[in-house]
Amino acid sequence: MLYTRVCELLGVECPIVSAPMVGRATAELVAAVSAAGGFGLIGGSTAGPEWLREQIRMVRERTDRPFGVGFISSAPGVEALVQVALEEQVTAISHSFVDPSSYVDAAHAAGVKVLAQVQTLAGATAAARAGVDLITAQGTEAGGHTGYNASLPFVPAVVDVVGDIPVLAAGGIADGRGLAAVLMLGAEGAWIGTRFLTSREAGGATWAKAAVVGAGTDDTVLTRAYDIAQNAPFPQHVGGRVLRNQFTARWHEHDDQVLARREELAAEVLAAEERGDTQVAPVYAGSAAGLITAIEPAAEIVRRIVTEAEDMLRKRTAQVLR
Ligand SMILES: Cc1cc2nc3c(=O)[nH]c(=O)nc-3n(C[C@H](O)[C@H](O)[C@H](O)COP(=O)(O)O)c2cc1C
């Protein structure tokens, strides 16, 4: 049976965390992942404090298992959202895209654990120094906003610099092979977005889920084009990984031109989102899209990844060791 320090820390059965995807990781997905033995994180930056409070309560109506909330902490208004999560005493709060130092004391005083998702070694060192309970090393393969370090070297490098703090790996994990691999890199579990994005319970438009299921490994690009057009609140060291389309073919790596036409492009993107036009609207997804062939219930995804990883760890070890 798979059991790691993350299971102990979060009070869960298996070392799988579903990512706090804005607009996608809503109560239904989080409750399904937690009820299946993983740890679900609500995408807390979706729609304001009252929405968040309601989502937390909806998870509690569905399961009594532990779960948390994750934020795009570089976005304005995050303080009020964090306050809601603290008042509701979720098990853990995760912060991405900032130095988490200013959040740690208040969370610990409320009995809430702090997770930090990082994209650089400097970010990992700062999070460790801040005293967070768990660090997620996010590789560039990840869907949504991410940095430029590949998981294979980045995860062990983070493990090496953060001392005793447990590390999760994020980016590119969609099956048991991925989970087994990151355990070998020293991670204590997997933080998974794209695979749960294509679960039955995930929020968001059906056309976006279908586009991810239909996409292959070569079909994503890490770009700043949408962030610049939409004036999105992310730091310079991250871009957004999306499915390639006509918009990215025209605007990726033309940041100055995008900036000059920001209003016009933002309006085009908004209209495309309303009509479900995947050639212009962003479909955030990671390279792991190439490993996904169906929309499935989240509980099945959790169970299959764990069973496959257990199998893989036993069989591959026997196959490759003499
Ligand atoms: C649609 C989508 C939305 C995301 N939104 C957030 C977010 O709101 N906050 C956050 O910290 N990470 C967000 N992420 C990144 C995830 O936390 C995670 O790092 C990533 O999904 C892991 O890689 P994978 O997609 O290959 O599993 C998002 C990812 C996706 C695909």
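Residues numbered from 1 in each chain as written. Predicted model: local features only at pLDDT ≥ 70, side-chain atom pairs only at ≥ 80, totals over all residues. Heavy atoms only, no water.

**Observations concerning the packing of aromatic side chains**
For any two aromatic rings, the description comes down to two numbers: the centre-to-centre distance and the angle of the planes. As enumerated under the stated definition, the model contains 2 aromatic pairs in all. Ring plane angle 85° and centroid distance 5.2 Å describe the contact between Phe-97 and Phe-234, whose orientation is recorded as edge-to-face. Of this pair, Phe-97 sits in the loop between strand S4 (92-96) and helix H5 (101-109) while Phe-234 is found in the loop between helix H11 (225-230) and strand S11 (239-243), placing the two residues 137 residues apart along the sequence. For the pair Phe-97 and Phe-234, one class covers both residues: buried. Ring centres of Tyr-226 and Phe-247 lie 4.4 Å apart, and the angle between their planes is 15°; on these two criteria the pair is classed as stacked. Of this pair, Tyr-226 sits in helix H11 while Phe-247 sits in helix H12 (residues 246-251), placing them 21 residues apart in sequence. Residue Tyr-226 is classed as buried on the basis of its relative accessible area, which comes to 1%. (Phe/Tyr/Trp six-rings, centres within 6.5 Å; stacked < 30°, edge-to-face > 60°. Helix = DSSP H or I, 4+ residues; strand = E, 2+ residues; numbered from the N terminus. Buried < 20%, exposed > 50% of the residue type's maximum accessible area, 1.4 Å probe, protein only.)

**Examining the environment of Glu-273**
Relative to the assigned elements, Glu-273 resides in helix H14 (residues 262-275). Considering only alpha carbons, one finds Glu-273 and Pro-20, 253 residues apart in sequence, at a separation of 21 Å. In this structure Glu-273 touches Trp-207, Gln-230, Ala-281 and Pro-282, once residues within four positions along its chain are discounted. (Contact = heavy atoms within 4.5 Å.)

**Quick notes on the sheet that holds strand S1 (residues 16-18)**
Read once around its circumference, the closed barrel built from 8 strands follows the order S1-S2-S3-S4-S5-S6-S8-S9, with strand pairing classed as parallel. Strand-to-strand twist of the sheet, defined as the mean angle between neighbouring strand axes without regard to direction, takes the value 25°. (Pairing = 2+ DSSP bridges. Axes fitted to C-alpha atoms, helices over the stretch in contact; angles between N-to-C directions.)

**Side note on the domain arrangement of the protein**
Per the domain assignment, the segments making up the protein are domain 1 (5-204 + 292-320) and domain 2 (206-275). In this complex, domain 1 contributes 29 residues to the contact, which on the side of domain 2 involves 16 residues. Of the roughly 1700 Å² buried at the junction of domain 1 and domain 2 (both faces included), carbon and sulfur atoms supply 63%. Here domain 1 and domain 2 share 0 salt bridges between them. Linking domain 1 to domain 2 there are 10 residue pairs in polar contact (both at pLDDT 80 or more). (Domains from an automatic or database assignment. Buried area = accessible area lost by both parts, 1.4 Å probe. Salt bridge = Lys/Arg side-chain N within 4 Å of Asp/Glu carboxyl O. Polar contact = N/O pair within 3.5 Å; in protein donor to acceptor, adjacent residues only side chain to side chain.)

**Section: the site of the ligand**
As a matter of local geometry, the ligand sits amid 19 residues, with Ser-96, Gln-138, Gly-172, Gly-193 and Thr-194 nearest to it. Separating an oxygen atom of the ligand from a side-chain N or O atom of Trp-191 is a distance of 3.0 Å. Burial of the ligand by the protein chains amounts to 97% of its free accessible area of 600 Å². Of the residues that constitute the shell around the ligand, the class distribution is 10 nonpolar, 9 polar and no charged. (Near = heavy atom within 4 Å. Areas by Shrake-Rupley, 256 points an atom, 1.4 Å probe, with all protein chains shown as cover. Nonpolar A, V, L, I, M, F, W, Y, C, P; charged D, E, K, R; others polar.)

**Description of the pattern of salt bridges**
The final tally for this structure, using the stated rule, is 15 salt bridges. Of the charged contacts, one joins Glu-50 and Arg-53 as a salt bridge, the two residues approaching to 3.8 Å between their closest N and O atoms. Separated by 3 residues within a single helix, Glu-50 and Arg-53 lie in helix H3 (residues 49-62), roughly one turn from each other. Classification of Glu-50 as exposed rests on a relative accessible area of 54%. On the accessibility criterion, Arg-53 (16% relative accessible area) is buried. The partner of Arg-195 in a salt bridge is Glu-296, and the shortest N-O contact between them spans 2.9 Å.

**Points about the side chain of Thr-26**
Within the secondary structure, Thr-26 is located in the loop between S1 and helix H2 (27-35). If near-sequence neighbours (up to four positions away) are discounted, Thr-26 is found in contact with Trp-51, Gln-55, Glu-201 and Gly-203.

**Regarding the pairing of strand S6 (residues 134-138)**
Within S6, 5 of the 5 residues are buried, leaving the element largely enclosed by the surrounding structure. The alternating pattern of S6 places Leu-134, Thr-136 and Gln-138 and Ile-135 and Ala-137 on opposite faces, both of which are buried. Note that strand S5 (residues 113-118) and S6 share 4 bridges and pair parallel. Residue pairing across strands places Val-118 opposite Ala-137, the latter belonging to S6. The handedness of the S5 to S6 crossover, carried by helix H6 (residues 121-130), is right-handed. (Right-handed = clockwise from strand over helix to strand, strands pointing away.)

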